[in-house]
Amino acid sequence: SDQSHSMDKARKRRLTQAGLVVDGWRQVLNIDGRPSSAVAASRAGYEALVFVHRYNCALTYGIGRLGQLLALGEFPAYIKPFVFSWPSSTTMGYFTAKSVGCSDNVANDLRQFIIDLKEAGFRRVHILAHSMGARIVLSALRKGYFDGVFAEREVVDPESSIVSNEGSKTHLQGRMSVRYRDRSRPRTRSGHSLTEDGDISTIQLATFTLLNPDADLDIFLEEDYWTLS
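Rules and cut-offs
Residues numbered from 1 in each chain as written. Predicted model: local features only at pLDDT ≥ 70, side-chain atom pairs only at ≥ 80, totals over all residues. Heavy atoms only, no water. Helix = DSSP H or I, 4+ residues; strand = E, 2+ residues; numbered from the N terminus. Phe/Tyr/Trp six-rings, centres within 6.5 Å; stacked < 30°, edge-to-face > 60°. Buried < 20%, exposed > 50% of the residue type's maximum accessible area, 1.4 Å probe, protein only. Lys NZ or Arg CZ within 6 Å of the ring centre and 35° of its normal. Pairing = 2+ DSSP bridges. Axes fitted to C-alpha atoms, helices over the stretch in contact; angles between N-to-C directions. Contact = heavy atoms within 4.5 Å. Core = buried A, V, L, I, M, F, W, Y, C linked by side-chain atoms within 4.5 Å.

- Looking at an unreviewed UniProt entry, one finds the protein chain named Alpha/beta hydrolase and attributed to Linnemannia gamsii.

Section: unusual backbone geometry
Move 1: For Asn56, which is not a glycine, the phi torsion comes out positive at approximately 55°.
Move 2: Within the fold, Asn56 resides in the loop between strand E1 (47-52) and helix H3 (59-73).
Move 3: Even without a glycine there, the phi angle at Glu74 is positive, about 50°.
Move 4: Within the fold, Glu74 resides in the loop between H3 and strand E2 (79-84).

Side note on the packing of aromatic side chains
The description of two aromatic rings rests on the distance between their centres and on the angle between their planes.
Move 1: Per the counting criterion, the structure on display carries 8 aromatic pairs.
Move 2: Seen in terms of ring centroids, Phe146 and Phe150 are 5.1 Å apart; in terms of plane orientation they differ by 55°. Their pairing is tilted. You'll find Phe146 and Phe150 in the same group, each marked buried.
Move 3: Site record: aromatic cluster; members linked through ring pairs are Phe82, Phe84, Phe113 and Phe122.
Move 4: In this structure, Arg65 packs its charged tip against the face of Tyr61, placed 4.6 Å from the ring centre.
Move 5: Positioned above the aromatic ring of Tyr46 is the side chain of Lys80, whose terminal nitrogen or guanidinium carbon lies 4.7 Å from the ring centre.

Quick notes on the sheet that holds E1
Move 1: Ordered in space as E2-E1-E3-E8, the 4 strands form an open sheet in which the pairing is parallel. On the outer flanks of this sheet lie E2 and strand E8 (204-211), each paired with one strand and no other. Ignoring which end each strand starts from, the neighbouring axes of this sheet average 20° apart.
Move 2: Along the sheet, helix H6 (residues 132-142) makes contact with E1, strand E3 (124-130) and E8, crossing E3 at roughly 130°.

Details of the nonpolar core
Move 1: Core analysis: the biggest nonpolar cluster contains 35 residues, and Trp86 and Val125 have the highest contact counts within it.
Move 2: If you list the elements that add at least two residues to this core, you get E1, helix H5 (104-119), E3, H6, E8 and helix H7 (217-228).
Move 3: Beyond its immediate sequence surroundings of up to four residues, Val125 is in contact with Ala48, Val50, Ile114, Leu117, Phe150, Ile203, Gln204, Leu205, Ala206 and Thr207.
Move 4: Leu49, Phe51, Ile79 and Val83 belong to the second largest nonpolar core, which has 6 residues in total.

Below, the structure is given as structure tokens:
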């Protein structure tokens with residue numbers, strides 16, 4: 001019938017939209033035009049914990065491992081868990097998974113995922129990257145997919161030495177204090193920068209944890225570490 005045909009078209013249109021889409025979801029806007037859930041999440045200080053799984057990992061397995069971590073780690077209630085799932089191939093498809101995981105498509109999806117979290121009201125995000133998941137996140141970082149998404153920071157009063165070279169080895173030393181750099185934009189009372197329409201423009205990368213990372217150590221020491229810092 002014409003009615004069922006129009007419903008199918010509407011469903012397909014929702015599936016092709018970028019972002020987090022739930023079938024049947026009806027969004028309620030606040031008085032300022034923003035989703036009330038985003039305002040509530042921002043005021044409650046919710047922080048997102050995003051787990052990027054390894055290769056040859058089904059989504060259900062990744063959810064189970066993150067759930068186990070949350071249960072055993074006694075995480076506080078303001079930490080909200082998410083799993084970023086990507087086409088991680090099978091046991092015999094390591095190189096296929098490596099190629100697909102480091103592709104522009106996956107990097108763009110990860111960027112959009114972080115943007116969706118920001119638009120949902122989250123102001124801070126923690127990333128746990130396991131095995132090849134670390135390679136995926138670092139590859140996206142290196143390609144600039146997080147530029148303008150994560151708030152940039154600057155070093156304040158660094159300690160005497162952050163890097164020392166001993167022979168062919170590079171060692172990371174010292175500790176840094178940091179603050180957010182974007183001082184040209186007006187800020188909220190909590191210190192977040194605002195865009196012209198009053199929305200918070202970026203999300204803070206609170207922590208980035210590597211779990212048995214499948215990534216290049218030399219590239220991490222020479223480039224990725226400094227970009228993350």
